[in-house]
Amino acid sequence: MEDDNNVDFHQKLLSIDEKLELEDIESLKFLCSDLITPKTLEGIKSAHQLFQKFMDEDLLNKEDCFLVAELLFLIKQYYLLQNIGYTKEKVLQELSTKGKISSYRVMLYNLSEEVTQLDFEYIKFLMHKDIPKTLTSFLSLLRHMEKQELLSENNLEMLVKVCQPLSSNLTKRISQYKNEKKESENPLEGHVPEQPLSKAQEEKKLSVASGTAESLWEAFAKENTEETEQYMMGHRHRGLCLIFNNFQFQTMNFREGSCKDAVELRSVFKWLGFTVTIHDNTTKDEMERILTQCRTNPEHKDSDCFVCCVLTHGESGSVFSSDEKSIAIHDLTSYFMAHQCPGLMDKPKLFFLQACQGMEIQEGVPLEADARNASISPPAPKKIPQRCIPTEADFLLGLATVDGCCAIRNRMKGSWYIQALCHQLKRLVPRKEDILTILTVVNDEETPFYC
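Treat the numbers as computed from the prediction; the structure is a model and nothing was measured.

J.: Please explain the pattern of salt bridges as it appears in this structure.
T.: Between side chains of opposite charge, pairing is possible as soon as their charged atoms come close. Considering all chains together, one arrives at 14 salt bridges under this definition. Ionic pairing is found between Lys-62 and Glu-63, a salt bridge with its closest N-O pair at 3.6 Å. Glu-63 gets classed as exposed once you look at its relative accessible area, which sits at 64%. Where Glu-94 meets Lys-98, a salt bridge forms, and the shortest distance between an N and an O atom there is 3.2 Å. Taken as a pair, Glu-94 and Lys-98 lie in helix 6 (residues 88–98) at a separation of 4 residues, close to a single helical turn. By relative accessible area, Glu-94 is classed as buried at 16%. One salt-bridge network, held together by shared partners, links Glu-26, Lys-29 and Arg-143.

J.: Where do I start with the environment of Val-160 in this structure?
T.: With respect to the helices and strands, the residue Val-160 is situated in helix 10 (residues 157–163). Distance in space between the C-alpha atoms of Val-160 and Leu-170 is 8.2 Å, their sequence separation being 10 residues. Beyond its immediate sequence surroundings of up to four residues, Val-160 is in contact with Thr-171 and Ile-174.

J.: Explanation requested: the sheet that holds strand 9 (residues 395–399) in the structure shown.
T.: For sheets, the rule is that strands pair by backbone hydrogen bonds, running either parallel or antiparallel. Ordered in space as 2-1-3-7-9, the 5 strands form an open sheet in which the pairing is parallel. Edge positions in the sheet fall to strand 2 (275–280) and strand 9, since each has one partner strand and no second. Taking the axes of each pair of neighbouring strands and ignoring which way they run, one obtains an average angle of 10 degrees across the sheet. Bridge count between strand 3 (residues 303–311) and strand 7 (residues 349–354): 6 bridges; the pairing is parallel. Counterpart to Phe-306 in the pairing with strand 7 is Lys-349.

J.: What exactly am I supposed to notice about the packing of helix 7 (residues 103–114) against helix 11 (residues 168–185) here?
T.: To describe two helices that pack against each other, one gives the angle between their axes and the distance between the axes. Contact pair helix 7 / helix 11: the axes reach a minimum separation of 10 Å and the direction vectors enclose 175 degrees. Between helix 7 and helix 11, the angle falls in the class roughly antiparallel. On helix 11, the residues that touch Ser-103, Tyr-104, Met-107, Asn-110, Leu-111 and Glu-114 of helix 7 are Asn-169, Leu-170, Arg-173, Ile-174 and Tyr-177. Classifying every residue of the contact of helix 7 with helix 11 by side-chain character gives 6 nonpolar, 3 polar and 2 charged.

J.: What exactly am I supposed to notice about the nonpolar core here?
T.: Where a protein is soluble and globular, its nonpolar side chains tend to be buried together. Leu-20, Phe-54, Leu-60, Met-107, Phe-138, Leu-141 and Leu-159 are the most contacted members of the largest nonpolar core, which totals 65 residues. When residues of this core are assigned to their parent elements, the largest contribution, 8 residues, is made by helix 5 (residues 66–74). Shared between two domains, this core takes at least three residues from each, and those domains are domain 1 (1–101) and domain 2 (102–183). When neighbours within four sequence positions are excluded, Leu-20 is seen to be in contact with Ile-25, Leu-28, Ala-47, Leu-72, Ile-75, Gln-77 and Leu-80. One finds Ile-243, Leu-272, Leu-350 and Val-442 within the second-largest nonpolar core, a separate group that totals 31 residues.

J.: Whenever I open this one, the sheet that holds strand 6 (residues 326–328) confuses me. Can you help?
T.: Strand order in the open sheet made by the 3 strands is 4-5-6, with antiparallel pairing throughout. The two strands at the open ends of the sheet, each matched to only one other strand, are strand 4 (314–315) and strand 6. Relative to strand 6, strand 5 (residues 318–320) is paired through 3 bridges, and the arrangement is antiparallel. Paired with Val-319 across the bridge in strand 6 is Ile-327.

J.: Help me understand the confidence of the model for the chain, please; the structure alone is not making it clear to me.
T.: Predicted coordinates in areas of low pLDDT are best not read in detail. For the chain, per-residue confidence averages 79 on the pLDDT scale, and residues scoring 70 or more make up 76% of the total. Scored below 50 in pLDDT, residues 362–367 makes 7 contacts in the model with residues more than four places away or belonging to other chains. Overall, residues 374–389 carries pLDDT values under 50, and its contacts beyond four positions in sequence, including any with other chains, amount to 27 contacts.

J.: Which parts of the structure should I look at to understand the pairing of strand 3?
T.: Strand 3 sits mainly inside the fold: 9 of its 9 residues count as buried. Where strand 1 (residues 237–245) lies against strand 3, 8 bridges are found, and the strand directions are parallel. Paired with Leu-240 across the strands is Phe-306, a residue of strand 3.

J.: Just checking my understanding: could you explain unusual backbone geometry for this structure?
T.: Glycine aside, negative phi is the norm for most residues, and most peptide bonds take the trans geometry. Even without glycine at this site, Asp-58 takes up a positive phi of about 60 degrees. For Asp-58, the position within the fold is in the loop between helix 4 (47–56) and helix 5. By relative accessible area, which is 68% here, Asp-58 ends up exposed. Residue Glu-324 is not a glycine yet carries a positive backbone phi of 65 degrees. Within the element layout of this structure, Glu-324 appears in the loop between strand 5 and strand 6.

J.: I tried to follow the side chain of Lys-349 on my own but got confused; where do I start?
T.: Tracing the backbone through its elements, the reader meets Lys-349 in strand 7. Asp-394 provides the closest opposite charge to the buried, unpaired Lys-349, separated from it by 4.5 Å. For Lys-349, the side chain forms a polar contact with the main-chain oxygen of Leu-344, separated by 2.8 Å. Residue contacts for Lys-349: discarding those within four places in its chain leaves Phe-306, Phe-336, Leu-344, Ala-393, Asp-394, Phe-395 and Leu-396.

J.: Quick question: what am I supposed to make of helix 14 (residues 284–295) here?
T.: Quick reminder: α-helices carry 3.6 residues per turn. Residues three or four places apart thus point the same way. With 12 residues, helix 14 ought to run about 16 Å at 1.5 Å a step, and its terminal C-alpha atoms sit 16 Å apart, in line with that. Among all positions in helix 14, only Met-287, Ile-290, Leu-291, Cys-294 and Arg-295 are buried. Angular distribution of buried residues about the axis of helix 14 spans 135 degrees; they occupy a single face of the element. Buried residues in helix 14 make contact with strand 1, strand 2, strand 3, strand 6 and helix 15 (329–334).

Rules of the game
Residues numbered from 1 in each chain as written. Predicted model: local features only at pLDDT ≥ 70, side-chain atom pairs only at ≥ 80, totals over all residues. Heavy atoms only, no water. Salt bridge = Lys/Arg side-chain N within 4 Å of Asp/Glu carboxyl O. Buried < 20%, exposed > 50% of the residue type's maximum accessible area, 1.4 Å probe, protein only. Helix = DSSP H or I, 4+ residues; strand = E, 2+ residues; numbered from the N terminus. Contact = heavy atoms within 4.5 Å. Pairing = 2+ DSSP bridges. Axes fitted to C-alpha atoms, helices over the stretch in contact; angles between N-to-C directions. Parallel < 35°, antiparallel > 145°, perpendicular 65-115°, else oblique. Nonpolar A, V, L, I, M, F, W, Y, C, P; charged D, E, K, R; others polar. Core = buried A, V, L, I, M, F, W, Y, C linked by side-chain atoms within 4.5 Å. Domains from an automatic or database assignment. pLDDT = per-residue confidence, 0-100. Lys, Arg positive; Asp, Glu negative; His and termini not counted. Polar contact = N/O pair within 3.5 Å; in protein donor to acceptor, adjacent residues only side chain to side chain. Expected span 1.5 Å × (residues − 1). Arc of directions from axis to C-beta.

So this is what it looks like as structure tokens:
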């Protein structure tokens, strides 16, 4: 019986390992840097190897798997908590007494989650004389700074200098951490007896360290007054995010830079708590099958909302599959109308499309257009067909361009629209801006912010 229990426990850990990606493994390793020696962590390539090391160090066993739950909670893989008998709420309840990851480590990780890849490229440009060219992420920069003794729990000056040009929100996080650290080291300084914290206050206090406050999701709620209709964002799961990334076609131009968009979208929506799936180079039949399966997914019932991103070539009112068949935008959204997908009734359904809606081209090198054939003469812009606009409530459709025009994509850095969208989500969601405000900011950017 004991052996059976051990096998069952290891199978649960393996099932978690199978669902984590390389980016997740790097995040876990960074968060564990104070528990496992850096040299040991360098040789770890999978979550299962990391879990085995935890067991070797008596940090994990079948009776106490909170460390794994804490890590999944911190990297926002909430849906995997059920594999080991936890929920998001249960982790929150036990975090103050069982937590093993330091607030310093969590603060650094949360900073890295707010820094986009474009922000990191900006940092590399500013610090090109001081950091190796081999660094590929903000997490790797933080590791490098620690190795060079430029960053530690009591030495945050260089980190502030790095973050200051990017966002005041980043420096506020650092200041908040420093103030809380000072208070914890001098608990009696300026002490005034007060009543015990309420449950809501305790969760808010924990969220400062974990970065998981539900306030992030107020950005997707319509608020301000009591009369304003609000979307409920208190379900068990944030929701599913589908990404269709079509970059290879039979005769149409290869969409160089599209994978950059897909990676950035995955990073941002995982940060927002979504379960993200990328589908590369799907035919029309495959897209329809995936949409049908997603429409009937039982997870929608316990989710807050749904997101679908389509990166492909397009023309007026439609997008193209990898086998170059046209799919009307209205047909994409129709899968998730209330009568087709009851699980998403009265919930936000967000669609973001990086695809041309015509042939009018903006000149620029190395910019390309996401049209069927960007080399032919552009026709006059047409009126958007009414069929491409969802008639039901609770749909938001974000298009990279207007009818008759091309959607601009940079071969090296990805498309302007998707990169700007991801950048502004990272920047404005923590400030509690709503999604329409964020899209307005994206729309108001006259030129690509990375040019």
